[in-house]
Amino acid sequence: MKRTKLLNRHLSKLVASLGHLDEIVVADAGLPVPPNVGVIDLAVSPGVPGLFDVLDALIDEMIVEQAIFADEASLELTTEIEVRLAHWAAETGKPIEHVRVPHDAFKNRTGGARAVIRTGECTPYANLILVSGVPF
């Protein structure tokens, strides 16, 4: 059994396969997924699991060098994302660049992702693209 808190075998396999600059999307329940991108569907019901539940599980597993999210996200959501990213950067000792883009540009960029992780989150624009970094 793993020692870290991430138990989902599909997420563990995805993170272990990431190279530098590979991208994954942590998405709300409604984000459209391009047909060529795999989905790890964790959604059980509205809000379960939430976006931050999944981010908290990923924090022990991966190095992120950039996080991309929508300009349209509310101030409350943006603040919470930025706080979580700051804690993540402190945990890993690696800075995380924050990039804001229009939601349409965000959706277009998901076509190049290794996978979309679909959560049960129902907060509008609660989506992040995480760009994989390196531990050295």
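Up top is the structure.
Residues numbered from 1 in each chain as written. Predicted model: local features only at pLDDT ≥ 70, side-chain atom pairs only at ≥ 80, totals over all residues. Heavy atoms only, no water.

To summarise the sheet geometry, strands pair through backbone hydrogen bonds and adopt either a parallel or an antiparallel arrangement. In space, the six strands of this open sheet follow the order β2-β5-β1-β6-β3-β4, with mixed pairing throughout. Both outer strands of the open sheet, β2 (38-41) and β4 (97-101), are each paired with one neighbouring strand and no more. Averaged over all neighbouring strand pairs, the angle between strand axes comes to 20 degrees, with direction disregarded. The sheet contact formed by strand β1 (residues 23-27) and strand β5 (residues 115-118) spans four bridges and is parallel. Considered in β5, the bridge of Val26 is made with Ile117. Across the sheet, helix α2 (residues 51-58) is in contact with β1, β5 and β6 (128-132); its angle to β1 comes to roughly 145 degrees. (Pairing = 2+ DSSP bridges. Helix = DSSP H or I, 4+ residues; strand = E, 2+ residues; numbered from the N terminus. Axes fitted to C-alpha atoms, helices over the stretch in contact; angles between N-to-C directions. Contact = heavy atoms within 4.5 Å.)

So, about the packing of α2 against helix α3 (residues 75-92). Axis separation between α2 and α3 bottoms out at 11 Å; the angle between their running directions is 10 degrees. Judged by the inter-axis angle, α2 sits roughly parallel to α3. Where α2 approaches α3, its residues Phe52, Leu55, Asp56 and Leu58 are matched on the opposing element by Leu77, Glu80, Ile81, Arg84 and Trp88. Of the residues belonging to the contact of α2 with α3, the class tally is six nonpolar, no polar and three charged. (Parallel < 35°, antiparallel > 145°, perpendicular 65-115°, else oblique. Nonpolar A, V, L, I, M, F, W, Y, C, P; charged D, E, K, R; others polar.)

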